[in-house]
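# Architecture and fold: a report
Here is what each chain is made of, one letter per residue.
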Amino acid sequence: MSGGTDSSVAAMLLKDAGYEVTGVTFRFYEKDSCTEYLDDAKALCEELGIPHLIYDAREIFKTQIIDYFIREYMSGQTPVPCTLCNNYLKWPLLQQLADKLDIWHFATGHYVQKAQINGYWHITAGKDPDKDQSFFLWGLPQPTIARMLLPMGALTKTRVREIAKQRGFLKAARKRDSLGVCFCPMDYRSFLKAQLPEGSITPGKFYDEKGSLLGKHEGYPFYTIGQRRGLGIHLNKAIFVKEIIPETNRVILSDNLTALEHSEMYLKNWNVNNPEALFGNHPDLIVKIRYRKQANYCTVTPLPDGRLHVKLHEPLASIAAGQAAAFYRGDVVLGGGIIL
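Scope of this entry: the structure provided in the associated data block. From a predicted model like this one, the values you see are computed outputs, not experimental measurements.

Thresholds applied
- Residues numbered from 1 in each chain as written.
- Predicted model: local features only at pLDDT ≥ 70, side-chain atom pairs only at ≥ 80, totals over all residues.
- Heavy atoms only, no water.
- Axes fitted to C-alpha atoms, helices over the stretch in contact; angles between N-to-C directions.
- Helix = DSSP H or I, 4+ residues; strand = E, 2+ residues; numbered from the N terminus.
- Parallel < 35°, antiparallel > 145°, perpendicular 65-115°, else oblique.
- Contact = heavy atoms within 4.5 Å.
- Nonpolar A, V, L, I, M, F, W, Y, C, P; charged D, E, K, R; others polar.
- Pairing = 2+ DSSP bridges.
- Patch = residues over 30% accessible without salt bridge, like charges linked within 9 Å, V, L, I, M, F, W, Y side chains within 5 Å.
- Areas by Shrake-Rupley, 256 points an atom, 1.4 Å probe, with all protein chains shown as cover.
- Salt bridge = Lys/Arg side-chain N within 4 Å of Asp/Glu carboxyl O.

Before going further, it helps to spend a moment on the packing of helix H3 (residues 58-74) against helix H8 (residues 188-195). Taken N-terminus to C-terminus, the directions of H3 and H8 make an angle of 100°; their axes are 11 Å apart at the nearest point. Relative to H8, the element H3 is oriented roughly perpendicular. Contacts between H3 and H8 pair Ile-66, Phe-69, Ile-70 and Tyr-73 from the former with Tyr-188, Phe-191, Leu-192 and Gln-195 from the latter. Class assignment of the residues belonging to the contact of H3 with H8 gives a composition of 7 nonpolar, 1 polar and no charged.

Where strand S11 (residues 261-272) and strand S14 (residues 308-317) come together, 6 bridges link them in antiparallel fashion. Looking across to S14, one finds that Met-265 is bridged to Val-310. One ladder, built from 5 bridges, connects strand S13 (residues 296-302) with S14; its direction is antiparallel. Following the sheet pairing, Thr-301 is matched in S14 by His-309. What sits between the antiparallel neighbours S13 and S14 is a turn of 5 residues, in which Gly-306 has the positive phi angle 95°.

Take a nonpolar patch on the surface next. A cluster of nonpolar side chains, Leu-53, Leu-101 and Ile-103, forms an exposed patch at the surface whose accessible area comes to about 200 Å². Assignment of secondary structure puts Leu-53 in strand S2 (residues 52-56).

Structural data, given as structure tokens:
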């Protein structure tokens, strides 16, 4: 329970359904040492008449998420902290705590659903297309999905706010949605500067594909593949980041978006629910590398070296190493991995 609208209403609905509910708030990151969210979650649990626990996970969050986030940008890649946090930290911690307390089910305020298909559990898309978070949960193992309760999955955000308001929880009803990465919601560049020793990020140079100098940049970690805005360079035409070279602090630009297109990619650290449903020739299989408004038909093949090969049926632009790829059939998540 973060103290926000979604997890608060999830607790209300679970209690309404007859479950014996215990609320837990994880301390992951606290900007400017603000702990108001802890008080909000505790107060709501008191009003609901349920126990409230606080679990301090700040150290492991820093090690597994923040340090990883910094390393990825410094290696010229684009990290996916929310994906890693959900799959390898938040849900596993919730399961561990539930086991310790001898509690079978665990729940969050995620806008997703689940389904059992041919004997395998799958995350499926939430009813509200604007809030669906299924893209971030491809890495959860079968035993975890089996025990999950997802009370937000069949609701829209508008309806969730109405429920909170009708119950008299006005503060929860009015809370703003969190945007971006929790520890740097607006500008990751300022966060990197603050976290790294002075001089770790230095100005470098933009070049075109032929090696001609185009101008100066603020440091290669501040850019990502496919980026168009915020380059600080004006050439009277649209221009995109094509390549990042950390070793020489170079950023290669192109005015041709098709130059950024690829017809294949490789994945590491992948998870697949049912291999038969994913591997082989499935004409309705799609892959997403972005949270919204992108889906490409593909063929997926496991390789002897442990990677996944993804053949795209149509070229896809702006594939950035370090980002996540999730596989779908309709609204059903079949698995995913990290782009190499």
